[in-house]
Amino acid sequence: DGRGLFSILSVEDNLMLGAFTRSDKEIRDDLKSIYDRFPILKEKKDEYAGTLSGGQQQMVAVGRALMSRPKLLLL
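Position labels on residues start from 1 in each chain and follow its written sequence. Owing to the predicted nature of the model, reporting of local features is limited to residues with pLDDT of at least 70; listing and counting of side-chain atom pairs is limited to 80 or more, with chain, interface and lining totals taken over all residues. Each side-chain value is worked out from all heavy atoms of the structure, with water and hydrogens disregarded.

K.L.:
I'm lost on helix 2 (residues 27-37) in this one. Help?
P.N.:
Side chains three or four residues apart in an α-helix point the same way, a direct result of the helix having 3.6 residues per turn. Of the residues making up helix 2, those classed as buried are Ile 27, Asp 30, Leu 31, Ile 34 and Tyr 35. The buried residues of helix 2 all sit within an arc of 145° when viewed along its axis, so they share a single face. Facing away from the buried surface of helix 2 by more than 90 degrees, the exposed residues are Asp 29, Lys 32 and Asp 36. Any two residues whose heavy atoms approach within 4.5 Å at even a single point are treated as in contact. Helix numbers and strand numbers start at the N terminus; a helix is a DSSP run of H or I with at least 4 residues, a strand a run of E with at least 2. For helix 2, the elements touching its buried residues are helix 1 (11-17), helix 3 (39-43) and helix 4 (54-67). Buried residues are those whose accessible area, probed at 1.4 Å on protein chains only, stays under 20% of the maximum for their type, while exposed residues exceed 50% and partly exposed ones sit between those limits. In this description, one arc is meant: the one made by directions from the helix axis to the C-beta atoms.

K.L.:
I keep staring at the pattern of salt bridges and nothing clicks. Help me out?
P.N.:
By convention in these notes, a salt bridge is any Lys or Arg side-chain nitrogen within 4 Å of a carboxyl oxygen on Asp or Glu. Tallying each qualifying case throughout the model produces 7 salt bridges. Measuring nitrogen to oxygen at the nearest pair gives 2.9 Å for the salt bridge that ties Asp 30 to Arg 69. Here Asp 30, found in helix 2, pairs with Arg 69, found in the segment after helix 4; they are 39 residues apart in sequence, far enough to count as distant. On the accessibility criterion, Asp 30 (14% relative accessible area) is buried. Here Arg 69 falls in the partly exposed class, since its relative accessible area comes to 42%. Taken together, the salt bridges that share partners define one network made up of Arg 22, Asp 24, Glu 26, Asp 30 and Arg 69.

Dropping the structure here:
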């Protein structure tokens, strides 16, 4: 609960929303890094986030948070 995903958007769109405030050129590199950490997300990148299992949705939520390049991430 409380993952804050946009269930009607794809996994990749949800991840890219994490980088919404960024304008650097390393966003695609960071997206690749998220896919390296969570390989199942790469397989499901075009699926709606709302169709994923709870654990997979949690991976999207953590990945989206990491896309913003936080200095500190509390889980």
